[in-house]
Amino acid sequence: RLSCMAAEAARAAVVVVRVSAVDVPAALAEAARLLGQGRDVVVALEGGGCADVGTLGALARLALDGRRAGVRIEVRAPDPALGALAELAGLADVL
């Protein structure tokens, strides 16, 4: 379930993409698409089940792509396990 629709994304300065454990790849692909358009993106992680190396890697790639494009990506309400994994991987400051 993605939180933004095309019409909403066209109007908003910052777009929120809500990510649940079920749709991590699709939601992060949508966030990457929006970053590519020069949009600031907030990734809101919902519930548990998002704390794995794949999600962490995708979020780190999004942060790098955002920096390169001069836009901002913010991760909100991360799963405590994802925060611990980011700390272990040395990516806590990135996310």
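Report follows, based on the coordinates. Owing to the predicted nature of the structure, the values given are computational and were not obtained by experimental measurement.

Topic: the pairing of strand 2 (residues 40-45)
Within a regular strand, the side chains alternate between the two sheet faces. Taking burial as the measure, the six residues of strand 2 include five buried ones, the bulk of the element. Taken together, the six bridges between strand 1 (residues 14-19) and strand 2 define a ladder with parallel strand orientation. Its bridge partner lying in strand 2, Arg 18 is registered against Ala 44. Pairing between strand 2 and strand 3 (residues 73-76): four bridges, direction parallel.

Some details on the environment of Asp 79
Relative to the helices and strands, Asp 79 is located in the loop between strand 3 and helix 4 (80-89). According to the relative accessible area criterion, Asp 79 is buried, its value standing at 16%.

Some points on the nonpolar core
Val 19, Leu 28, Val 43, Leu 45 and Leu 59 are the most contacted members of the largest nonpolar core, which totals 24 residues. Among the secondary structure elements, those contributing two or more residues to this core are strand 1, helix 2 (24-36), strand 2, helix 3 (53-69), strand 3 and helix 4. Discounting chain neighbours no more than four positions away, the residues touching Leu 28 are Val 19, Val 43, Thr 55, Ala 58, Leu 59 and Leu 62.

Parameters at a glance
Residues numbered from 1 in each chain as written. Predicted model: local features only at pLDDT ≥ 70, side-chain atom pairs only at ≥ 80, totals over all residues. Heavy atoms only, no water. Buried < 20%, exposed > 50% of the residue type's maximum accessible area, 1.4 Å probe, protein only. Helix = DSSP H or I, 4+ residues; strand = E, 2+ residues; numbered from the N terminus. Pairing = 2+ DSSP bridges. Core = buried A, V, L, I, M, F, W, Y, C linked by side-chain atoms within 4.5 Å. Contact = heavy atoms within 4.5 Å.

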